[in-house]
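# Per-entry structural report
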Amino acid sequence: KLADRRRRSSRSPLHFNTSLLASALLLPWIDDFQSSIFNTNHQTANMKFIAGISSTALLCLLSFHTTSQQSNSVSAFVANNVNNNIILPSNNAITNAMMRHSTSLNMADSIKITMPALSSTMKEGRVVSWLKQEGDEIEAGEAIMVVESDKADMDVEAFEDGYLAKILTGEGETAEVGAVVALVATSEEDIAVVAAGGGDEAAPAASEPVAAAPAAEAPASAAAPDFDFSQLDMPALSSTMKEGKVVSWLKGEGDSVEAGEAIMVVESDKADMDVEAFEDGYIAAIITGEGETANVGSPVALIAANEADIPALQAYAATLSGAPAPSAPAAAAPTAAAPVAKAAPKAAAAANPAASAGGRVVASPLAKKLAEEIGVDITTVVGTGPGGRITAGDVQSASSGGGAAPAKKAAAPSKPSWTPAPGVIAATPTARALAKKAKLDLASITGTGEFGRVTADDVKIATGEKKATRKAAAPGAPAVVEMPEGLVPFTGMQRAVSNNMEATLGCPVFRASREIEMDAFNACYQSVKPKGVTVSALLAKAVAKAIEKHPIINSSFRPEGTFFNKDINIAMAVSIDGGLITPVLKYANERDVLELGENWKELVGKAKSGTLSPDEYNSGTFVISNMGMFGVSQFDAILPAGLGGILAVAATQEHIVPDKQAVLGMKKISKMTVTLTCDHRQIYGSDAAFFLKTLNDVMNNPQQLL
């Protein structure tokens, strides 16, 4: 009765709905009307009471009612009225608002992340990986996931700051374009609330069409060219973005682009962000110039798969942007269309086709601004840029009275330049994510991408995950020497040397060096050289003679004490292909120098051929390492395990020393630096000093060696 009576009244349906809802919620609380809530005598009084309540009071009462009596919630109220056959209008805005208000009292604000359209043909996408996990904090512009489209894998950035509360589409799963794949909480405290209410979010979002799709197809009044190309649309860089302004184009018309390469910077309602290409190809036509604005989903550029298709796409782009495509005159025969098209560059100086037809004038933002400042009608200016685009130079030429600029031969467009704003580090989304994961400062990484942009490879090189690629040699430069790379297994000899060196680490050693005058020794060597005596044999003889006077140098350490070796066997290090070996001159102090010379030649030959017997290379009691023939001025040798000393012999060098008997008071002499390394457990510093003094005396009086 109440519904029928109110329906016949002069009040609007909206007023009826407001009164009805308020009556049902408030009447149970009013004691005066509880006993006669549906009496005819009190209906009018009740409705007047409700109609006089302000909207603020009504919402406050509704909130109190929702929290105090869950059984009388809005949703329950609607169900009860349906059961009582009270029909509510389908367009009841007040009822819907109350229902939303009631449910929002117990839910936190959340931001939906939807599956983006990464290409003009993409219908669904697969989540390759999540770069953020549930609970992680995210920032606007930060890469949060990698999506595989029908073209390539690309990073997807967050549009707003927040915390990743719920991942609805896991790694490896597929979602339609526009479907909700994750929920973002605006504050860390709301993560649990948003995650708990996120289970039902994906279903309705998946069925919602992408708002940008119709806009992208709407302008296509002309037939699309019958060849492979792609259309770059203005992307939705935030959940609230309706239009975007092209801040700058990082590529010009005619430039080649690769999938994943940044081609323009777009200003959204949140921030300036880079937009990457979805496919490989060539920028055929730029529809939305720098500084111009386009709706989300509207075409901003066309990308040709083949460079030869660029002119045809430029004509097609004019239909998308609202300007007529350049064509032959209407009276011309169809067969004459091709010659007229070829002659278009020459005819460009006659008139501006877009302006004469009243269409869109294709000009750079700087050209438009300059024309406005100096008072030049830009529709009368002939463009000499790509596709007849009017540049600032064209405006200046027209203002100076030079008329139309002469047509120029088609040339490759110059590379655009772009400088990031102060404090902004140009980097790809993946590079930012990798740098953050590795805790690297992007400012410390040198970018190798376009305009110095830091790429993912730059970050991987900085972390050592990837090696830097070698730059190609400049024309005419010397050929690059290929260096060996990778692991080369030890030979048997190399492994033995390595093991012997490790065995010396437990031995406490000390070193002592001395310069020895070599003039007398060199003269002695020159006298015996014709007889086949080498420097090594003569040096071994001199060391053996010095050891005779200092036998402690010929000893070795034992846990029980010092072990003296009766024989003086001089081992001399020889470098051979693939390793190092020490042939031994036995009884060097007793044998004639000529005999030692012959024996040494024999031992070196066996070492190079690999035919030395064990007794010929492991019976040494003292070792000499001679690197003088390589010009080494001084070095230390490592003491082999089980021996007491090793002598490092460097190259002979000339020195100027004072001499009272010389004409000028100076003379030139030859000196050689030797360094003795000893086992300090049984050999002391004084022993080494006395031995080196004796060796100096022997080598300055070499006649005793013969």
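Residues numbered from 1 in each chain as written. Predicted model: local features only at pLDDT ≥ 70, side-chain atom pairs only at ≥ 80, totals over all residues. Heavy atoms only, no water.

### Some points on the overall build of the protein
Within the protein one finds 24 helices and 26 strands. Long-range pairs, those at least 24 residues apart, make up 62% of the contacts in the protein with a sequence separation of at least 6. By element, 54% of the accessible surface of the protein is carried by carbon and sulfur atoms, the whole surface being about 38,400 Å². (Helix = DSSP H or I, 4+ residues; strand = E, 2+ residues; numbered from the N terminus. Contact = heavy atoms within 4.5 Å. Areas by Shrake-Rupley, 256 points an atom, 1.4 Å probe, with all protein chains shown as cover.)

### Points about a negative patch on the surface
There is a patch of like negative charges on the surface, built from Glu137, Glu139, Asp161, Glu188 and Glu189. Following the sequence through the fold, glutamate 139 ends up in the loop between strand E3 (137-138) and strand E4 (143-148). (Patch = residues over 30% accessible without salt bridge, like charges linked within 9 Å, V, L, I, M, F, W, Y side chains within 5 Å. Salt bridge = Lys/Arg side-chain N within 4 Å of Asp/Glu carboxyl O. Lys, Arg positive; Asp, Glu negative; His and termini not counted. Charge placed at Lys NZ, Arg CZ, Asp CG, Glu CD.)

### Let's talk about the nonpolar core
Counting residues in each nonpolar core, the largest one holds 51 residues, and the members touching the most others are Val543, Ile570, Phe622, Leu647, Leu676, Phe691 and Met699. In terms of residue count, helix H21 (residues 535-549) provides more of this core than any other element does, nine residues in total. Excluding residues that lie within four positions of it along the chain, phenylalanine 691 makes contacts with Val543, Ala546, Ile547, His550, Ile553, Phe622 and Leu676. In this structure, Trp130, Val181, Ala301 and Ile303 belong to the second largest nonpolar core, which totals 43 residues. (Core = buried A, V, L, I, M, F, W, Y, C linked by side-chain atoms within 4.5 Å. Buried < 20%, exposed > 50% of the residue type's maximum accessible area, 1.4 Å probe, protein only.)

### Quick word on the sheet that holds E4
The strand order across the open sheet formed by four strands is E5-E4-E2-E7, and the pairing between neighbours is antiparallel. Each of the sheet's edge strands pairs with one partner strand only, and the pair in question is strand E5 (153-157) and strand E7 (174-176). Averaged over all pairs of adjacent strands, the angle between their axes in this sheet comes to 40 degrees, without regard to strand direction. For strand E2 (residues 124-130) and E4, the ladder comprises four bridges, and the chain directions are antiparallel. Looking at E4, one finds that valine 127 is bridged to valine 147. (Pairing = 2+ DSSP bridges. Axes fitted to C-alpha atoms, helices over the stretch in contact; angles between N-to-C directions.)

### A look at unusual backbone geometry
In the Ramachandran plot, lysine 439 falls in the positive-phi region, its phi being about 60 degrees despite a non-glycine side chain. Structurally, lysine 439 is set in the loop between helix H17 (429-437) and helix H18 (456-463). The phi torsion at tyrosine 587 lies on the positive side, around 50 degrees, for a residue other than glycine. Relative to the elements of secondary structure, tyrosine 587 occurs in the loop between strand E23 (584-585) and helix H22 (593-609).

### Overview of the sheet that holds strand E24 (residues 622-626)
Overall, mixed pairing links the six strands, which are arranged E17-E26-E25-E24-E20-E23 in an open sheet. In this open sheet, the two edge strands, each paired with only one partner strand, are strand E17 (509-517) and E23. Here E24 runs beside strand E25 (residues 645-658); their pairing, made up of four bridges, is parallel. Residue pairing across strands places serine 625 opposite alanine 648, the latter belonging to E25. Sheet contacts for helix H20 (residues 519-528): E17, E25 and strand E26 (666-679); angle to E26, the most-contacted strand, approximately 90 degrees. Contacts from helix H24 (residues 685-700) reach E17, E24, E25 and E26, with the element oriented near 20 degrees to E17.

### A word on the environment of glutamine 703
Relative to the helices and strands, glutamine 703 resides in the segment after H24. With a relative accessible area of 57%, glutamine 703 lands in the exposed category. Considered as a pair, glutamine 703 and cysteine 524 are 179 residues apart in the sequence and their alpha carbons are 7.5 Å apart.

### Looking at the packing of aromatic side chains
Remark: the centre distance and the inter-plane angle together describe each pair of aromatic rings, the angle taken between the planes. Tallied over the entire structure, the rule returns three aromatic pairs. Both rings, one in phenylalanine 229 and one in tyrosine 316, keep their centres 5.8 Å apart while their planes meet at 70 degrees; by these two values the pair is edge-to-face. Pair noted here: phenylalanine 229 is in strand E9 (residues 229-233) and tyrosine 316 is in helix H11 (residues 310-321), with a separation of 87 residues, a long-range link. Of the residues examined, tyrosine 316 reaches a relative accessible area of 7% and is grouped as buried. Aromatic ring contacts, followed pair by pair, group Phe227, Phe229 and Tyr316 into a single cluster. Positioned over the ring face of phenylalanine 563 is arginine 558, at 4.5 Å from the centre of the ring. The ring of phenylalanine 557 carries arginine 681 above its face, with NZ or CZ at 3.8 Å from the centroid. (Phe/Tyr/Trp six-rings, centres within 6.5 Å; stacked < 30°, edge-to-face > 60°. Lys NZ or Arg CZ within 6 Å of the ring centre and 35° of its normal.)

### Thoughts on the pattern of salt bridges
Per the stated rule, a full pass over the model turns up 16 salt bridges. Ionic pairing is found between lysine 467 and glutamate 485, a salt bridge with its closest N-O pair at 2.8 Å. A residue pair is termed long-range when its members are at least 10 positions apart, and lysine 467 in the loop between H18 and helix H19 (492-503) and glutamate 485 in the loop between H18 and H19 qualify at 18 residues. The pair formed by lysine 467 and glutamate 485 is uniform in burial state, with each residue classed as exposed. Overlapping salt bridges, with partners in common, bring together Lys132, Glu142 and Lys436 in one network.

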